[in-house]
Amino acid sequence: MSLETDNKVDTGTPVESLWRVVESHWIKVWAAGVFLFLYAPIVVLIAFSFEEGTFSTLPWSGFTLEWYGQLLNNGRLVSSAFNSLYVGSVVTVVATVLGTLGAIALVRHDFTLSKAYRALVIAPMTVPGLILGVGLLIWFKYVGFSTSLKTVMLGQLVFVTPFVLITVSSRLQGFDPELEEAARDLGASKWQTYRRVTLPLLMPGIVSGALFAFTLSFDDFLIAFFTSGIQNTLPIFIWSKIQHGTSPVINAISTIVLFLSISLIVVSEMLLD
Amino acid sequence: MTAGPIVLLELLLFVAPLGIMFMIATMEMQDLALIPNYSFDNFVRVFTDYVNRSAFVNTTVIAALTTVTAAVVAYPLAYYIARFGGEYKNQLAMLVMIPFWTNYIVRIYGWKIILGSQGVVNSGLIAVGVINEPIGWLINTKFSIWLGLTYLWLPFMILPLYSSLERIDSSLIEAAYDLGASRTAVFRRIILPLSIPGLVGGVMFVFIFSMGAYIVPAMLGGGELFVGTRIAYAFGIGGDWPMGAALGSVLMLIVSGMLWSMLGYINVEDLF
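Residues numbered from 1 in each chain as written. Chains lettered and ligands numbered in written order. Predicted model: local features only at pLDDT ≥ 70, side-chain atom pairs only at ≥ 80, totals over all residues. Heavy atoms only, no water.

Chain B appears in an unreviewed UniProt entry as ABC transporter permease from Haloarcula limicola. Regarding chain B, the UniProt comment filed under Subcellular location (unreviewed entry) reads as follows: "Cell membrane". Within the UniProt record for chain B, the comment given under Sequence similarities (unreviewed entry) is "Belongs to the binding-protein-dependent transport system permease family. CysTW subfamily." (UniProt positions renumbered as here; feature names shortened; annotations may be inferred.)

An unreviewed UniProt entry annotates chain A as ABC transporter permease of Haloarcula limicola. The UniProt entry for chain A carries the following comment under Sequence similarities (unreviewed entry): "Belongs to the binding-protein-dependent transport system permease family. CysTW subfamily." Entered under Subcellular location (unreviewed entry) in the UniProt record, the comment concerning chain A runs "Cell membrane".

J.: Any chance you could explain empty space enclosed by the protein here in plain terms?
T.: Rolled over the atoms, a probe sized like a water molecule indicates the empty space that remains. Under the definition given, this model contains one cavity of 30 Å³ or more. Estimates place the volume of the largest cavity at around 620 Å³. Forming the walls of the largest cavity are 31 residues, and the residues nearest its centre are A:Phe159, A:Leu216, B:Tyr104, B:Trp153 and B:Phe156. Element by element, the count of residues in the lining of the largest cavity is highest for helix α9 (residues 190–219) of chain A, at four residues. Of the residues belonging to the lining of the largest cavity, the class tally is 23 nonpolar, five polar and three charged. (1 Å grid on protein atoms, 1.4 Å probe; cavity = no way out; pocket = protein on both sides within 12 Å on 5 of 7 lines; lining within 4 Å. Points joined across faces, edges and corners; volume = space filled by probe spheres on them. Helix = DSSP H or I, 4+ residues; strand = E, 2+ residues; numbered from the N terminus. Nonpolar A, V, L, I, M, F, W, Y, C, P; charged D, E, K, R; others polar.)

J.: Can you walk me through the UniProt feature "transmembrane region" (unreviewed entry) in chain B in this structure?
T.: All names here are of chain B. When the UniProt feature table is mapped onto this chain, "transmembrane region" (unreviewed entry) is found at residues 6–25, 55–82, 88–106, 143–165, 186–208, 214–233 and 245–266. The span residues 6–25 is 95% helical and 0% strand by assignment, and the distance between its end C-alpha atoms comes to 27 Å. Strand forms 0% of residues 88–106 and helix 84%; the C-alpha atoms that close the span are 28 Å apart.

J.: Can you help me understand the domain arrangement of chain A in this one?
T.: Note: interface size is frequently given as the accessible area lost on complex formation between the parts. Residue and element names in this part refer to chain A. Each assigned domain of chain A is listed with its residue range as follows: domain 1 (2–48) and domain 2 (74–272). Each of domain 1 and domain 2 was reduced to a C-alpha centroid, and the two centroids are 37 Å apart. Listed per partner, the contact involves four residues of domain 1 and four residues of domain 2. Summed over both partners, the interface of domain 1 with domain 2 comes to about 420 Å²; 74% of that surface belongs to carbon and sulfur atoms. For the pair domain 1 and domain 2, the interface holds zero salt bridges. At the boundary of domain 1 and domain 2, one finds zero residue pairs in polar contact (both at pLDDT 80 or more). Residues belonging to the side of domain 1 that touches domain 2 are distributed by class as follows: four nonpolar, no polar and no charged. (Domains from an automatic or database assignment. Contact = heavy atoms within 4.5 Å. Buried area = accessible area lost by both parts, 1.4 Å probe. Salt bridge = Lys/Arg side-chain N within 4 Å of Asp/Glu carboxyl O. Polar contact = N/O pair within 3.5 Å; in protein donor to acceptor, adjacent residues only side chain to side chain.)

Now the structure itself:
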């Protein structure tokens, strides 16, 4: 490597500064390449959702909005989208409350089992969705719960709540516990301290945790797939469509889903800044 | 105690289902009914049946390859954002987040359109005249599983790496240069060691997620043997829950082992 020979040159000489330029350039090209990779399927889906021909192949045959028109007349699609919104809203509210409470316990209190507690709340984030899905399916059958959207919500809470907890606890670690102590010294009760000091300071973490929860629930396929019974959520609907081969209608649904998620993140980022 | 509700939730709907899965794995299934004929036969079959053993070997090899690829691809990008991002740091990090926040079934379907035998790459190359026949190994192969998994989990490697690289005090690097350290020395002795927590976190996420993947091998993998698709098959058409539960239990043990050995080194709360 020529890097080694360049070392002998002191910083600031032309050769060294040339190296700086080369270094910052290859890494720029690399970064651009990675972004291209990350966005390739997204761009392709959007582009082919307006393609006239029924096959997503090059070259293009022409522009059409037909596939979007077909979506609006699809009753099953609309009802599965509403199911997803309903499940997502309930999961978001419950997970945000449970996760915030759990985060306060994790950061502010030192108790004997805190190591086991930390492991218990981190593990569900890393366990493959497939294992969680089949585990929950077996469990619901075993205790005699019939599967429906309710079991989907229960199942999603298992891995969504830890994500909220982590988001909120990293915010909680960022501010000084003395603020809470000061409130106590000034005569606030434990509950008043939470409500007037801790919660407002935590709000940005809680809001981003809630958005996290909604997106995770809205995108979840595996838990819903195994625990939804005969009811569909949007990802299950898309999945079953894909099983019947590729079609431009799926591209159109996908584009709408992409657009919704992207605007949700952009809006949340703007709110949080 | 504010931890109560989440502990209850996870005990009832996380620990208990996994426990039941281990129990079901020791049972038998006949005519779609579970028979309490307890034995470890299913666990033995995980390692002795050809399809199961190959699925585990394939999955482990592909997951390891994916992890290495993701680290190599992600590192320069994370480094670029952390050190050259300047005022655009947050925007660039958000550009990494956006795909990660959009539905993964939809994105993998996008890859199916790109890689398919009539897909964008093949039809494009044929239209230009580079090839006459579609390239055979682009889809329904180990290659496409590897590509799909690398794609899907890349943000889980980039973000932890970025957050640990971003925390490095640039005066440390300046000081090293002032003391005459070479660029490689600065990288090897300062940047790399300080980015280890992010790297370990990324490796943990990518490897574990790849081991348990289902969507990618089901959509892009054709008939390639993979643990995730074996488990889904056993619980679906295969109608052999105990076998699926045994495969899931073994996978779960591997995942927990990984997690257990790595959680000691990193603080998950710091990774994002």
